[in-house]
Amino acid sequence: MDDEQSVQTLLSYPLRRDGYDVVSAHDGQEALQRFSEARFDLVILDLMLPKLDGIEVCRRMRSRSQVPIIMLTAKGDEIDKVVGLEMGADDYITKPFSMREFRSRVKAALRRSRMVGAAGDEEPISSGELRIDFDRRSVVVRDDDIRLTYVEFEILAALARAPGRVLTRETLLEHVWGDSDYRDPRTVDVHIRHLREKLERDPKEPEYLFTVRGVGYRFREERP
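Quick summary incoming for the structure in this document. All of these numbers come straight from a predicted model, not from anything done at the bench. (Residues numbered from 1 in each chain as written. Predicted model: local features only at pLDDT ≥ 70, side-chain atom pairs only at ≥ 80, totals over all residues. Heavy atoms only, no water.)

1. Quick look at the overall build of the protein
At step 1: If you tally the helices and strands in the protein, you get eight helices and 10 strands.
At step 2: The buried share among the 224 residues of the protein stands at 45%.
At step 3: Partitioning the contacts of the protein with sequence separation of at least 6, the portion at a separation of at least 24 is 56%.
At step 4: Carbon and sulfur atoms form 47% of the exposed surface of the protein, whose accessible area is close to 11,800 Å². (Helix = DSSP H or I, 4+ residues; strand = E, 2+ residues; numbered from the N terminus. Buried < 20%, exposed > 50% of the residue type's maximum accessible area, 1.4 Å probe, protein only. Contact = heavy atoms within 4.5 Å. Areas by Shrake-Rupley, 256 points an atom, 1.4 Å probe, with all protein chains shown as cover.)

2. Description of helix α8 (residues 186–199)
At step 1: The terminal C-alpha atoms of α8, which comprises 14 residues, lie 20 Å apart, in line with the 20 Å expected from a rise of 1.5 Å per residue.
At step 2: Those residues of α8 that fall on the buried side of the exposure criterion are Thr-187, Val-188, Val-190, His-191, Ile-192, His-194, Leu-195, Arg-196 and Leu-199. (Expected span 1.5 Å × (residues − 1).)

3. Description of the pattern of salt bridges
Side chains carrying opposite charge are able to pair once their charged atoms draw close together.
At step 1: Throughout the structure, instances matching the rule amount to 18 salt bridges.
At step 2: The residue Asp-41 makes a salt bridge to Arg-39 at a minimum N-O spacing of 2.8 Å.
At step 3: Residue classification places Asp-41 among the partly exposed positions, given a relative accessible area of 41%.
At step 4: Note that Glu-154 and Arg-137 form a salt bridge whose closest N and O atoms lie 2.8 Å from each other. Taken together, the positions of Glu-154 in helix α6 (residues 150–160) and Arg-137 in the loop between β5 (130–133) and β6 (138–141) put the pair 17 residues apart, joining distant regions of the chain.
At step 5: By relative accessible area, Glu-154 is classed as buried at 11%.
At step 6: Where salt bridges share partners, they join Glu-30, Arg-34 and Glu-37 into one cluster. (Salt bridge = Lys/Arg side-chain N within 4 Å of Asp/Glu carboxyl O.)

4. Considering the sheet that holds strand β3 (residues 91–95)
At step 1: Here three strands make up an open sheet; going across it, the order is β1-β2-β3 and the pairing parallel. At either end of the open sheet lies a strand with only one pairing partner, and these are β1 (43–46) and β3. Taken pair by pair, the neighbouring strands of this sheet meet at an average axis angle of 25°, ignoring direction.
At step 2: Across four bridges, the pairing between β1 and strand β2 (residues 69–74) is parallel. Following the sheet pairing, Asp-46 is matched in β2 by Leu-72. (Pairing = 2+ DSSP bridges. Axes fitted to C-alpha atoms, helices over the stretch in contact; angles between N-to-C directions.)

That's the geometry; what it means functionally is another story.
This is the structure we're talking about:
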């Protein structure tokens, strides 16, 4: 969903050639209307949309769906990237970008989406008042059900599976997105901050997700 017809055509062509059905919208209001009319496997959303900007569209979509959302941002718009991720976007691509990068991001997002709900037999993890059920992809903290995006859950799961072990940003990028190519490691920082806001009593004094300055993050280690 992009406001520039030429960009829409440029992005739609390789997707259709790869066998995907593509539905386009020319402004934010139309994007929400199209979104309400059918089920989508992926949303590609430009931040600069007329009538309703991409950040607001992302927020409204995320409030009712966990569909993967890739946001398109202009080069240098760091604040917009951060806000977009905080509104629930899973990934972003900075313009200008290559078709190779674009197709790689789309395939990775769809692959992650198909993995959701896959059967498994992993035991849940409990730590303090936090419980993570991998099979159900559910998180409960202090008896409250916490709604996480796919990316948030995967980052939390990766850290919780290795309590006390420090995972670098690059390791987390590779775990969630399959590789760290084209991605800014600071993307992980935004998702960690969002996780803390959902899980911690005081995000500034975390009980579960700790920063190891200059290296990465670790999950709390249970003491005997």
